[in-house]
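# Remarks on the overall topology
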Amino acid sequence: MSIENNSAEYYLAQAQKANENKDIINIIAMSSKCIALCEETGNKESTLITAYILRANTLLMMGDIAGAKKDLEQALLLSNENTDVLLLQGRILAKEGNHTEAIECFSKVIALDASSVEALRERGASYLATGDRIKATEDAELIMTLSPDKVKAVSGDFKGEGSD
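Scope of this entry: the structure provided in the associated data block.

Quick notes on the rules
- Residues numbered from 1 in each chain as written.
- Predicted model: local features only at pLDDT ≥ 70, side-chain atom pairs only at ≥ 80, totals over all residues.
- Heavy atoms only, no water.
- Helix = DSSP H or I, 4+ residues; strand = E, 2+ residues; numbered from the N terminus.
- Buried < 20%, exposed > 50% of the residue type's maximum accessible area, 1.4 Å probe, protein only.
- Contact = heavy atoms within 4.5 Å.
- Patch = residues over 30% accessible without salt bridge, like charges linked within 9 Å, V, L, I, M, F, W, Y side chains within 5 Å.
- Areas by Shrake-Rupley, 256 points an atom, 1.4 Å probe, with all protein chains shown as cover.
- Salt bridge = Lys/Arg side-chain N within 4 Å of Asp/Glu carboxyl O.

This brings us to the environment of K69. Along the chain, K69 falls in helix α4 (residues 65-78). Note on K69: relative accessible area 33%, which makes it partly exposed. Spatially, the C-alpha atoms of K69 and N57 are 9.8 Å apart, while their sequence positions differ by 12 residues. With near-sequence residues (within four places) excluded, K69 lies in contact with I92 and E96.

With that settled, consider a nonpolar patch on the surface. Together, I24, M61 and M62 make up a nonpolar patch on the protein surface, roughly 300 Å² of accessible area in all. Overall, the relative accessible area of 57% leaves M61 in the exposed class.

Bringing the side chain of S126 into the picture now. Looking at the secondary structure, you find S126 in helix α7 (residues 117-129). Overall, S126 belongs to the buried group, its relative accessible area being 1%. Those residues in contact with S126 that sit more than four places away from it in its chain are A94, H99, A102, I103 and F106.

Now for the pattern of salt bridges. Tallied over the entire structure, the rule returns five salt bridges. Among the ionic pairs, R55 bridges to D71, the shortest N-O distance being 2.6 Å. With R55 in helix α3 (residues 45-61) and D71 in helix α4, this pair connects stretches of sequence that are 16 residues apart. A single burial state applies to R55 and to D71, both of which are buried. Between R123 and D139 there is a salt bridge, with its nearest N and O atoms 2.6 Å apart. Of this pair, R123 sits in helix α7 while D139 sits in helix α8 (residues 133-146), and the two are 16 residues apart along the sequence. Overall, R123 belongs to the buried group, its relative accessible area being 12%. For D139, a relative accessible area of 2% puts it in the buried group. One network of salt bridges, in which partners are shared, links R91, E118 and E122.

And the structure:
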């Protein structure tokens, strides 16, 4: 099944491809086009949520917390039980230094998906930022148990995390 070249799904696929290539300009451009088309036509809630999340994560990575929060607000209006939306919310809160609230978001993700290595890693970093090394270590151990093949990719050494 091919995707129409001027559809929201087409632009989302282009944004996802740009994300794989770490092409920030095209992530923003393509996800923005997808969002505009979805809003214009009122279609595909899941497509719209994914585009908001992709753009918000990119904005957050670029340091545009306000822009990321605007996209988060829109995504939350569509779904406040989506694990990707909750993960984004936690990341924004952590970036703002609200680690206690971030931990709550990451814990909600884990409650919905106990195998979310990303949520465990993010929560562990927030625990570390609050000084709770015991809980941070517990999350690291859970990651090693759940997905030992991903430990190197997600563990890092937490340098700079929580030092805001």
